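As a plain string of letters, each chain reads:
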Amino acid sequence: MREFLHHLFLPRESNNHRARILHHSGLFFLIVLFFTLEFSFSLLSSQRGDILGVRTEIVVDELLAMTNKKRAENGLPPVQLNSSLSRAASEKASDMFSKNYWAHNSPEGTTPWVFVKSSGYDYLYAGENLARGFTTSEDVVDAWMSSPGHRENMLSPNYDDVGFAVLPGTLTGDETVLVVEMFGQKRQGVAETAPSERDVAQAPQSSVGSGAGAQQAQSDQPLVASFQTQPILDVKNVTKGLSVTILLVLLAALILDIIIIERKKIVRIVAHNIDSIIFIFIVIATILLIGNGVIL
């Protein structure tokens, strides 16, 4: 076993002074191994999401608390959770899923404000933040705060109320969790009204995620929700860990190759490893830093 590992990772005469794992056949094996494991993970995730799946915990109470924390840090009063805006947010999320689009306006040109109006919220000011593919409430709020346009909504003094919807489903071919945040300020002296039959027809009621499933929302209930899944293993972390591990193995082999060749003063016709090491460092950093979700 020791001889095999030396042959695999250390440059010596038996491998033509080049670690076997750095030969074309070794690299090809690693690529095949990576894609085989990725396929296995994908298959297991689709069949047994309770064992290997996406660990998600997005809770409306946390979204509200974090939003108000950011506002307080910037000298702004808190926004209040509003059931009508939550209903509007839920209707917007359902509309995106049913019509398969990821945008503030629907393919037919329906704006977010149609959903706000249909919920019975007569607004003077209104705003919308969207997010998809995130796994924690903190990641969602941090992403919004890192974007100038979304940050402007989060910290606008024009808003008194906020509503949220957290809804799982399939969008543009991907299993994901949508988060919709609706801000508003009511017209002075105007009370909220129940949606009319015409408004309800324009924006049908949605199903709101709760736990790992969903329940049909009723028009007279506050449409706030959370979505949580707790598999034994998180497929995103497993995949990221696999990718980083394979790259670290290659990185270690390249560094050992440089050290041993320099010490033994071996002359060989082969490209230097420095460029490959730098490239692998960049790829590892990208994998570790890349975000999971997108905002709009």
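In every chain, residue numbers begin from 1 and rise along the written sequence. Where totals are concerned, whole chains, interfaces and linings use all residues; where local detail is concerned, this predicted model gives features only for residues with pLDDT of at least 70, and gives and counts side-chain atom pairs only at 80 or more. Each side-chain value is derived from all of the structure's non-hydrogen atoms; neither hydrogens nor water enter the calculation.

Asks: Describe the confidence of the model for the protein, with residues and values.
Replies: Across the protein, pLDDT averages 80, with 78% of residues at or above 70. Across the chain, each position has a pLDDT score giving the predictor's confidence in that residue, from 0 to 100. Numbering of helices and strands runs from the N terminus; a helix is a DSSP stretch of H or I covering at least four residues, while a strand is a stretch of E covering at least two. Mean pLDDT across the secondary structure elements of the protein bottoms out at strand 7 (residues 207–210), with 27, and peaks at strand 3 (residues 80–81), with 96. Whether two residues touch is decided by their heavy atoms; if any such pair falls within 4.5 Å, the residues are in contact. For residues 194–224, every residue scores under 50 in pLDDT, and the model assigns this stretch 65 contacts once sequence neighbours within four places are set aside.

Asks: Talk me through the packing of helix 3 (residues 60–73) against helix 6 (residues 137–146); I want residue IDs and the actual numbers.
Replies: Axes, fitted as lines to C-alpha atoms, cover a helix only where it is in contact. Angles between the N-to-C directions of the axes lie from 0 to 180 degrees. It is the contact of helix 3 with helix 6, at a shortest axis distance of 9 Å, that shows an interaxial angle of 35 degrees. Seen from above, helix 3 lies across helix 6 with right-handed handedness. Seen from helix 3, the contacting residues are Glu-62, Leu-63, Met-66 and Lys-70; seen from helix 6, they are Ser-137, Glu-138, Val-140, Val-141, Asp-142 and Met-145. Note on residue classes: Ala, Val, Leu, Ile, Met, Phe, Trp, Tyr, Cys and Pro are nonpolar, Asp, Glu, Lys and Arg are charged, and everything else, Gly too, is polar. Residue composition of the contact of helix 3 with helix 6, grouped by class: five nonpolar, one polar and four charged. By definition, turning the near helix anticlockwise from the far helix through less than a right angle yields a left-handed crossing, and turning it clockwise yields a right-handed one.

Asks: Can you tell me about the sheet that holds strand 5 (residues 161–171), naming the residues and giving the values?
Replies: Reading across from one edge, 3-5-6-4-11 is the order of the five strands in this open sheet, with mixed pairing throughout. With one partner strand each, in any of the chains shown, strand 3 and strand 11 (294–295) form the two edges of the open sheet. Only strands that DSSP links by at least two bridges are regarded as paired with each other. Note: strand 4 (residues 123–132) against strand 6 (residues 174–186), nine bridges, orientation antiparallel. Across the sheet, Tyr-125 pairs through a bridge with Gln-185, a residue of strand 6. Running at roughly 135 degrees to strand 5, helix 3 makes contact with strand 3, strand 5 and strand 6 of the sheet.

Asks: How would you explain the pattern of salt bridges if you had to name every residue and give the values?
Replies: A pairing counts as a salt bridge when a side-chain nitrogen of Lys or Arg comes within 4 Å of a carboxyl oxygen of Asp or Glu. Inspection of every chain in the model, using the stated rule, returns eight salt bridges. The salt bridge involving Arg-18 is made with Asp-257; its shortest N-O contact spans 3.3 Å. One end of the pair, Arg-18, is in the loop between helix 1 (2–9) and helix 2 (24–47); the other, Asp-257, is in helix 9 (residues 235–264), and 239 residues separate them in sequence. Summarising the burial analysis for this pair, Arg-18 and Asp-257 share the class buried. Taking the shortest distance from any N to any O, the salt bridge between Lys-117 and Asp-122 comes out at 3.6 Å. The rule is simple: take the accessible area with a 1.4 Å probe, protein chains only, and divide by the maximum for that residue type; under 20% is buried, over 50% is exposed, in between is partly exposed.

Asks: Account for the pairing of strand 5, naming residues and giving values.
Replies: Across the eleven residues that make up strand 5, a large majority, nine, are buried. Alignment of strand 3 against strand 5, held across two bridges, turns out to be parallel. Within strand 5, the residue paired with Leu-81 across the bridge is Val-162. Across eleven bridges, strand 5 lies against strand 6 in antiparallel orientation. Looking across to strand 6, one finds that Leu-171 is bridged to Asp-174. Counting the residues that bridge the hairpin from strand 5 to strand 6 gives two residues, and of these Thr-172 lies at a positive phi of roughly 45 degrees.

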